[in-house]
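Read off the chains here:
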Amino acid sequence: MQTVSENACFGGTQGVYTHASQACGCDMTFGLFLPEEARGGPVPVLWYLSGLTCTHENAMVKAGAQGWAAEQGIALVFPDTSPRGDGVADDDAYDLGQGAGFYVNATQAPWAPHFRMWDYVAEELPALLGAEFPLDMDRQAITGHSMGGHGALTLAMSLPGRFRSVSAFAPICNPTGGDWGRKQFAAYLGADESGWAAHDASLLMAERGFDGPVLVDTGTSDQFLDLLRPETLAQAAFARRQRGSFRMQPGYDHSYFFISTFMEEHVSFHAEALWRE
């Protein structure tokens, strides 16, 4: 692991690091904010998974999360959204290839050798973080935006006991039923749709739900609302009486202006779960 940068931030440290990823077969970059409390011992961890076209840097710079995390004494992890590099497959479309990993393990050519973002976020990066930084890996929570909201929800419901809480900003809720999902799942996972359900938050909610609190915010003026399909997730949650809040925020769109507006509430929501004994 190599340090790219470390900056003082709200009494703590905002770092950027690179490492050779065995899961993705290339160098990967991530951001990590450590609050001041990390100097005295391990602190809880909140993961933030970004959306299409993003890198580790988008939320790290635009979301305004570090100040709220510093108040709560929790760390923030900002992974990249896909493998990258000259030898990594890509596509001219913004919603496939580099910047669009969809947090799945690809099984199809040309994506399979590198696009293993599920293994990277679920296994490899947590192991690295726990070994290298003062983090309490028994206290984890996860959030994300758009494609990252899809990733946060599917990881939380598929890894019982890993995360104490899950939230999402404008998540892709039903990728098997919309254009944001069917295209990518066919490319990454193949034409057999039976393998897609494990990465659909609405189907997972209907099948198993989440053993903890859930918070989902979507803007009523989101320009991608028909692709996000938030009603499918809400209906599944209500049907199984899932503990959580599924909110439509009047006038907000898909941008980081929306995310930064509600970031304090999401960080506080997770802090309550993370610090609970």
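Residues numbered from 1 in each chain as written. Predicted model: local features only at pLDDT ≥ 70, side-chain atom pairs only at ≥ 80, totals over all residues. Heavy atoms only, no water.

### Concerning the state of the cysteines
Next, step 1: By the definition in use, this model includes zero disulfides.
Next, step 2: No disulfide involves Cys-9; its nearest neighbouring cysteine sulfur is the one of Cys-54, lying 19 Å away.
Next, step 3: Left unpaired, Cys-54 is separated from the closest cysteine sulfur, that of Cys-24, by 17 Å. (Disulfide = S-S within 2.5 Å.)

### Quick notes on the pattern of salt bridges
Any two side chains of opposite charge can pair, on the condition that their charged atoms come close.
Next, step 1: Enumeration according to the criterion identifies 10 salt bridges in this entry.
Next, step 2: Between Arg-116 and Asp-119 there is a salt bridge, and its shortest N-O distance comes to 3.1 Å.
Next, step 3: Classification of Arg-116 as partly exposed rests on a relative accessible area of 28%.
Next, step 4: On the basis of relative accessibility, which here comes to 25%, the residue Asp-119 falls in the partly exposed class.
Next, step 5: A salt bridge links Arg-247 to Asp-217; the nearest nitrogen and oxygen atoms lie 2.6 Å apart. (Salt bridge = Lys/Arg side-chain N within 4 Å of Asp/Glu carboxyl O. Buried < 20%, exposed > 50% of the residue type's maximum accessible area, 1.4 Å probe, protein only.)

### Considering the side chain of His-254
Next, step 1: Here His-254 shows up in the loop between strand 9 (244-249) and helix 9 (256-274).
Next, step 2: Judged by its relative accessible area of 10%, His-254 is buried.
Next, step 3: A distance of 2.9 Å separates polar atoms of two side chains, one belonging to His-254 and the other to Ser-146. (Helix = DSSP H or I, 4+ residues; strand = E, 2+ residues; numbered from the N terminus. Polar contact = N/O pair within 3.5 Å; in protein donor to acceptor, adjacent residues only side chain to side chain.)

### Concerning the sheet that holds strand 6 (residues 135-144)
Next, step 1: Here nine strands make up an open sheet; going across it, the order is 1-2-3-5-4-6-7-8-9 and the pairing mixed. Because the sheet does not close on itself, it has two edges, and the strands there are strand 1 (2-9) and strand 9. Pairs of neighbouring strands in the sheet enclose a mean axial angle of 20 degrees, with direction left out of account.
Next, step 2: Of the pairings in the sheet, the one linking strand 6 to strand 7 (residues 163-169) comprises two bridges and is parallel in character. (Pairing = 2+ DSSP bridges. Axes fitted to C-alpha atoms, helices over the stretch in contact; angles between N-to-C directions.)

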